[in-house]
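Topology and contacts: notes
This is what each chain is made of:
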Amino acid sequence: MNTHVQETKKPIRVWVDGCFDMMHYGHANALRQAKEMGDVLVVGVHSDEAITRNKGPPVMYENERYAAVAACKWVDEVVPDAPYNTTVEILREYNIDFCVHGDDITTMADGTDCYQAVKDAGLYRECKRTQGVSTTELVGRMLLMTRDHHKRRMSAGASSLSSFHSEDLGSFSAGKRRTTVSHFLPTSKRIVQFSEGREPLETDKVVYVDGTFDLFHVGHIEFLKRAKALGDFLVVGVHDDQTVNAIKGANHPLMNLHERALSVLACRYVDEVIIGAPYSVTEDVLNKEYKVQIVAHGNTPSEPELDGSDPYELPKQRGLYVEIENPNSTITTQGIIDRIIENRFVYEERQRRKNAKAVLEAEQEAAEKEKKTEA
């Protein structure tokens, strides 16, 4: 008789920390990569006060940022009010094996490396930074919306963000991370990495919701949580850029279709995403891929189709339509844009500070590479 008892392997606990302001797919991708390095992902989120002191005021309040991180499907634990300067002590306190950060330098207000102590202790690992998106980038896109001379200049079939004139983009640059027209195109590999790959069981009740999900925020998260609670498998339709712009006008959407779809896919309540779903719920949406039993929408009026029809007419006729009580949270995409507009000068100064800091970080990065080459 074999009396050997197999020793239980201790789970590897990984730490990531950051501001996670306006949580986007770049943040989510960093968390995904960090989770792959271990078993339990613990995420420290900095307070409003710490962020303001080191890099200027955040757009989202700390409670909103804590909730956004907690809703990411790769996150196991959230530590609120984590120190801006990552210490060996904080890692020991939470029984962490090592911390992970992107392959870009992050500095304190005084220019020192936030991760120097944990690097010296051999507790630091790097993941690949997602190119083309950052909070600075998104704030820059919103600041462009506040310019009186920047009106909609749409040509037929053009992406809404493509209407930015190149000369308008320079003022809100951050070093090499300049505010640019968004032409983000994910590879199939990235979409697979963000996907669950789970199919609904025969007995699962499939719920469908749709929307723009621009600047994915805690209002969206709470809505999706409530929608998921109506059934077992949640399918989310994300409308394409041309549709959103035709319905909402101006410079909407601020994030392009694939940016928005990846943000939705990273949410723990979502099982599947239809990328470029039609604005009106069609027969194909209801029956082609999944047998949809509930179509849910918030209890606020939806914009009609371009021909004036109700986009939820078909599910209403079939008795599939359910209204969800909107969250008490007043946060909306327009509300986030309004925060930027109301505090435009504060955020313009923040962008300038970020620009100066990015130049310094780029110089430090170049110096480090030179040292490695010499070694």
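Further up the page is the structure itself.
Residues numbered from 1 in each chain as written. Predicted model: local features only at pLDDT ≥ 70, side-chain atom pairs only at ≥ 80, totals over all residues. Heavy atoms only, no water.

Description of helix H8 (residues 218–228)
Condition: Burial classification: accessible surface area is computed with a 1.4 Å probe over protein chains only, and a residue below 20% of its type maximum counts as buried, one above 50% as exposed, and the rest as partly exposed. Runs of H or I in DSSP of at least four residues are treated as helices and runs of E of at least two as strands, each being numbered from the N terminus. The criterion used for residue contact is that any of the two residues' heavy atoms lie within 4.5 Å.
Taken as a whole, H8 has its buried residues at Val218, Gly219, His220, Ile221, Phe223, Leu224 and Ala227. Residues of H8 that are buried make contact with helix H3 (62–70), strand S6 (206–211), strand S7 (233–238), strand S9 (292–298), strand S10 (321–324) and helix H13 (333–342).

Details of the pattern of salt bridges
Heads up, the condition is: Within this document, salt bridges are pairs made up of a side-chain nitrogen of Lys or Arg and a carboxyl oxygen of Asp or Glu, the two lying within 4 Å of each other.
In this structure the tally under the stated criterion is 14 salt bridges. A salt bridge links Asp271 to Lys228; the nearest nitrogen and oxygen atoms lie 3.1 Å apart. Placement of the pair is Asp271 in the loop between helix H10 (257–265) and strand S8 (272–275) and Lys228 in helix H8, with a sequence separation of 43 residues. Residues participating in the shared-partner salt-bridge network are Arg198, Asp204, Lys228 and Asp271.

Considerations on the sheet that holds S6
Quick note on the threshold: In this scheme, strands are said to pair when DSSP sees at least two bridges between them. Structural elements are reduced to axes, namely lines fitted to C-alpha atoms, with helices fitted over the stretch in contact, and the angle between N-to-C directions of any two is expressed from 0 to 180 degrees.
With respect to topology, 5 strands assemble into an open sheet ordered S8-S7-S6-S9-S10, the strand pairing being parallel. Looking at strand neighbours, the two that pair on one side only are S8 and S10, the edges of this open sheet. The mean inter-strand angle of the sheet, taken between neighbouring strand axes irrespective of direction, is 30°. With 4 bridges joining them, S9 and S10 adopt parallel strand pairing. Bridged to His297 within S10 is Glu323. Its contacts with the sheet place H10 against S7 and S8, and it is angled at close to 170° to S8.

Concerning the packing of aromatic side chains
What counts is decided by this rule: Pairing of aromatic rings covers Phe, Tyr and Trp, the last counted by its six-membered ring, and requires centre-to-centre distances within 6.5 Å; plane angles under 30 degrees mean stacked, over 60 mean edge-to-face, and any other angle means tilted.
Across all of its chains, the model carries 6 aromatic pairs by this definition. Judged by centre distance (5.1 Å) and plane angle (75°), the rings of Trp74 and Phe194 are edge-to-face. Taken together, the residues span a long stretch of sequence, with Trp74 in the loop between H3 and strand S3 (77–80) and Phe194 in helix H7 (residues 188–194) at a distance of 120 residues. Residue classification places Phe194 among the buried residues on the basis of a relative accessible area of 0%. Geometrically, the ring pair formed by Tyr115 and Tyr124 is tilted, given 5.6 Å between the ring centres and 50° between the ring planes.

A word on helix H1 (residues 25–36)
Defined as follows: Helix span is expected to be 1.5 Å times the residue number reduced by one.
Given a rise of 1.5 Å per residue, 12 residues ought to cover 16 Å, and the 16 Å separating the end C-alpha atoms of H1 matches this to within 8%. Of all 12 residues in H1, 10 are buried, a share of seventy percent or more. Inspection of H1 places Tyr25, Gly26, His27, Ala28, Asn29, Leu31, Arg32, Gln33, Ala34 and Lys35 among the buried residues, and these make up the whole buried set.

A closer look at the nonpolar core
Note on soluble globular proteins: their nonpolar side chains tend to be buried together. As a reminder, the rule being used: Joining through side-chain atoms within 4.5 Å is the link that ties buried Ala, Val, Leu, Ile, Met, Phe, Trp, Tyr and Cys residues into a set, and such a set is a nonpolar core.
Judged by nonpolar contacts, the single largest core of 57 residues is most densely connected at Leu31, Leu224 and Val236. Here Leu31 is in contact with Val16, Phe20, Met23, Leu41, Val43, Cys72, Trp74 and Val75, once residues within four sequence places are set aside. Counting residues in each nonpolar core, the second largest holds 18 residues, with Val42, Ala82, Ile96 and Cys99 among its members.

Observations concerning the environment of Ala261
Position of Ala261 among the secondary structure elements: in helix H10. Judged by relative accessible area, Ala261 falls into the buried class, the value being 2%. Note: C-alpha distance between Ala261 and Phe216 (45 residues apart in sequence) is 9.6 Å. Filtering out sequence-adjacent residues up to four positions away, Ala261 remains in contact with Val238, Val273 and Ile275.

Comments concerning the sheet that holds strand S2 (residues 40–45)
Here 5 strands make up an open sheet; going across it, the order is S3-S2-S1-S4-S5 and the pairing parallel. Strands with a single pairing partner mark the edges of an open sheet, and in this sheet they are S3 and strand S5 (124–127). Taking each pair of neighbouring strands and ignoring which way they run, the sheet shows an average axis angle of 30°. In this fold H1 packs onto strand S1 (13–18), S2, strand S4 (98–102) and S5, with an angle of close to 140° to the strand it touches most, S2.

What about the pairing of S4?
Where burial is concerned, most of S4 is hidden: 5 out of the 5 residues are buried. The sheet contact formed by S1 and S4 spans 2 bridges and is parallel. Counted as the bridge partner of Trp15 is Cys99 from S4. Pairing of S4 with S5, which is carried by 4 bridges, proceeds in the parallel orientation. Bridging across to S5, His101 finds its partner in Glu126.

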